[in-house]
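Observations on the three-dimensional arrangement
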Amino acid sequence: MLYLDDIKVEFESQGFKGTHIGISHDKDKSVLFLESVKSTQTVRCPYCGGSVYIYENGQVKLKDIPIQRGTTHIWNFFIHRYQCNCCHETFTEEIPFKYPGTRIIYRAANWIKGFLQQKISIKAIQELTGIHWDTIRKVQQIMDEAIWEREKMLREEGYKPRILAVDEFAIHKGHSYATCVMDLEQGELIK
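So, here's what we can say about the structure.

Quick notes on the rules
Residues numbered from 1 in each chain as written. Predicted model: local features only at pLDDT ≥ 70, side-chain atom pairs only at ≥ 80, totals over all residues. Heavy atoms only, no water. Buried < 20%, exposed > 50% of the residue type's maximum accessible area, 1.4 Å probe, protein only. Helix = DSSP H or I, 4+ residues; strand = E, 2+ residues; numbered from the N terminus. Pairing = 2+ DSSP bridges. Axes fitted to C-alpha atoms, helices over the stretch in contact; angles between N-to-C directions. Parallel < 35°, antiparallel > 145°, perpendicular 65-115°, else oblique. Contact = heavy atoms within 4.5 Å. Phe/Tyr/Trp six-rings, centres within 6.5 Å; stacked < 30°, edge-to-face > 60°. Expected span 1.5 Å × (residues − 1). Core = buried A, V, L, I, M, F, W, Y, C linked by side-chain atoms within 4.5 Å. Left-handed = near helix turned anticlockwise from the far one by under 90°. Nonpolar A, V, L, I, M, F, W, Y, C, P; charged D, E, K, R; others polar.

Some details on the pairing of strand E5 (residues 72–84)
- Within E5, ten of the 13 residues are buried, which leaves the element mostly enclosed by the surrounding structure.
- Both strand E3 (residues 29–36) and E5 contribute to a ladder of seven bridges, which runs parallel. Within E5, the residue paired with Ser-30 across the bridge is His-73.
- Summarising the sheet, strand E4 (residues 52–64) and E5 pair through twelve bridges and their orientation is antiparallel. Within the sheet, the bridge partner assigned to Val-60 lies in E5 and is Phe-77.

Quick look at the packing of helix H1 (residues 106–117) against helix H3 (residues 133–156)
- Following both chains from N to C, one finds H1 and H3 inclined at 75 degrees, their axes separated by 10 Å at the closest point. Looking at the two axes, H1 sits roughly perpendicular to H3. From H1, Ala-109, Ile-112, Lys-113, Leu-116 and Gln-117 reach across to H3, where they touch Ile-136, Val-139, Gln-140 and Met-143.

Things to note about the environment of Pro-46
- In this structure, Pro-46 sits in the loop between E3 and E4.
- For Pro-46, a relative accessible area of 56% corresponds to the exposed category.
- Considered as a pair, Pro-46 and Thr-90 are 44 residues apart in the sequence and their alpha carbons are 9.5 Å apart.

Structural notes on the packing of aromatic side chains
- In this structure the tally under the stated criterion is nine aromatic pairs.
- Geometrically, the ring pair formed by Trp-75 and Phe-77 is tilted, given 6.1 Å between the ring centres and 45 degrees between the ring planes.
- A relative accessible area of 11% places Trp-75 in the buried class.
- Ring geometry for Trp-111 versus Phe-115: centroids 5.5 Å apart, planes at 55 degrees, classification tilted. Taken as a pair, Trp-111 and Phe-115 lie in helix H1 at a separation of four residues, close to a single helical turn.
- A relative accessible area of 25% places Trp-111 in the partly exposed class.
- In this structure Phe-115 comes out as buried when scored by relative accessible area, which is 17%.

Overview of H3
- Between its terminal C-alpha atoms H3 stretches 34 Å, which fits the 34 Å expected from 24 residues at 1.5 Å a residue.
- Turning to H3, its buried residues are Thr-135, Ile-136, Val-139, Met-143 and Leu-154.
- With its phi angle positive at about 75 degrees, Gly-158 sits one or two positions after the end of H3.

Side note on the nonpolar core
- Of all hydrophobic cores here, the largest spans 24 residues; its most connected members are Phe-77, Ile-95, Ile-104 and Ile-112.
- When residues in this core are grouped by element, the largest group, five residues, is from H1.
- Contacts of Phe-77, omitting those with residues within four sequence positions, involve Phe-16, Leu-34, Gly-58, Gln-59, Val-60, Leu-62, Ile-95 and Phe-97.
- In terms of nonpolar packing, the next biggest core, distinct from the first, is built from six residues, Cys-45, Tyr-82, Cys-84 and Phe-91 among them.

Section: the packing of helix H2 (residues 122–129) against H3
- Closest axis-to-axis distance for the H2/H3 pair is 9 Å, and the angle between their directions is 120 degrees. Between H2 and H3, the interaxial angle falls into the category oblique. Here the hand of the crossing between H2 and H3 comes out right-handed. Packed against H2, whose contacting residues are Ile-122, Ile-125, Gln-126 and Thr-129, the element H3 presents Trp-133, Ile-136, Arg-137 and Gln-140 at the interface.
- Classifying every residue of the contact of H2 with H3 gives four nonpolar, three polar and one charged.

None of this, on its own, says anything about what the molecule does.
Pasting the structure below:
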């Protein structure tokens, strides 16, 4: 029989190397450990472009989609903090898997977006995912901003649909109706 303790992880992606997976004794939490493999020769100071050295090390924990129901899955990144040899500014290594402004990875954010698109409440999403409601709200705000930016860009370009599709459907049996208007050429939902 194969146990999770017997599984070794070795992969590299976007400057990080997966080393191993840890499982808690009650099997309710799993952690994927990743460490930075970036060489100081490939990193440049974002302020002046000078060479850098590793100033200190740290770790960042990001939540992911649970591996199985009722569990928590975390990605634990061991990262570097650099200091520039020229301007002496310090900066932290970027984690490409991290969803902006949150402590979750992109995959978890996309999972949350799917729930939000289905009009599931933030409280229900929190109970389903185990992710804090502030984080879910942040993902929702980023989605709303992207929609607003898209609408603004279309207005500035003078967007005018040529071929429309209209559909009316019942929300509650015979009592409430909704209408959907869509641009068939662009695939844009108008109303």
